[in-house]
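# Topology and contacts: notes
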Amino acid sequence: MSTVQARLQDEIKTALKAGDKERTSTLRMLLTEVKNEKIRAGQEVDEDAFLTLVRRSIKQRQDSVEQYRKGGRDASAEKEEREIALLETFLPAQASEDEIRDAIRQLVREEDLSGNAAMGRVMKAIMARFGAATDGRTVSRIAREVLAENG
């Protein structure tokens, strides 16, 4: 059993003892995803793969929140938002948009980059630098803004 799986099972036990049904349900869903990934990949789920699973789960819930809000189902949207908050506790501290923007501006200055053609280089360098502390969507949005400033 991987350390990720053991950690989740401990969290589930704690939630069960506390009688927190929503937390228990969300954690069980995440444990199921870890087990499915283990089967699909044919190996234990390491920390990087686990973070990817957590991000994917958060994104799915964000999409659901949007759909529930459009459909006027606020109670369901709020439940999804609580699940997002729980899942986010498994992610490392996120870099601020200002930190990302500063790093991109520095990279653009140092390497004299501009325009959309530089997008790939910026994305690769910034994602390597920040890793799990940010997501590609945020980096992409900020990179477009900074490259447009310099274009």
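Structure shown above.
Below, the structure is looked at part by part.

Parameters at a glance
Residues numbered from 1 in each chain as written. Predicted model: local features only at pLDDT ≥ 70, side-chain atom pairs only at ≥ 80, totals over all residues. Heavy atoms only, no water. Helix = DSSP H or I, 4+ residues; strand = E, 2+ residues; numbered from the N terminus. Rg over C-alpha atoms; globule rule 2.2 N^0.38 Å. Buried < 20%, exposed > 50% of the residue type's maximum accessible area, 1.4 Å probe, protein only. Contact = heavy atoms within 4.5 Å. Areas by Shrake-Rupley, 256 points an atom, 1.4 Å probe, with all protein chains shown as cover. Lys, Arg positive; Asp, Glu negative; His and termini not counted. Charge placed at Lys NZ, Arg CZ, Asp CG, Glu CD. Salt bridge = Lys/Arg side-chain N within 4 Å of Asp/Glu carboxyl O.

## Digging into the overall build of the protein
Check the secondary structure of the protein and you find seven helices and zero strands. Starting at the N terminus and walking to the C terminus, you meet the elements of the protein as α-α-α-α-α-α-α. Whereas a compact globule of 151 residues would reach a radius of gyration of roughly 15 Å, the protein reaches 19 Å, over 25% beyond that. For the protein, the spread of C-alpha atoms along the principal axes amounts to about 55 × 40 × 25 Å. Across the 151 residues of the protein, 36% fall into the buried class. Here the analysis covers contacts within the protein between residues at least 6 apart in sequence; of these, 61% occur between residues at least 24 apart. Total accessible area on the protein is roughly 9100 Å²; 48% of this is exposed by carbon and sulfur atoms. Charge-centre separation for the protein: the mean point of 27 positive side chains lies 4 Å from the mean point of 28 negative side chains.

## A few points about the environment of R55
By the element assignment, R55 lies in helix α3 (residues 47-70). By relative accessible area, R55 is classed as partly exposed at 25%. Sequence separation between R55 and L91 is 36 residues; the distance between their C-alpha atoms is 8.1 Å. Those residues within four positions of R55 in sequence are excluded, and the remaining contacts are L91, A132, A133 and T134.

## Structural notes on the pattern of salt bridges
By the definition in use, this model includes 17 salt bridges. Among the ionic pairs, E66 bridges to K70, the shortest N-O distance being 3.6 Å. With a gap of four residues between them, E66 and K70 both fall in helix α3, about one helical turn apart. What makes E66 partly exposed here is its relative accessible area of 42%. The exposure class assigned to K70 is exposed, which follows from its relative accessible area of 64%. Here R141 ties to E145 by a salt bridge, and the two come within 3.5 Å at their closest N and O atoms.

## What about the side chain of E80?
One can find E80 in helix α4 (residues 74-88). Residue E80 is classed as buried on the basis of its relative accessible area, which comes to 12%. Setting aside its immediate chain neighbours within four residues, E80 contacts R61, S64, V65 and Y68.

Functional significance is not addressed by these values, which are geometric in nature.
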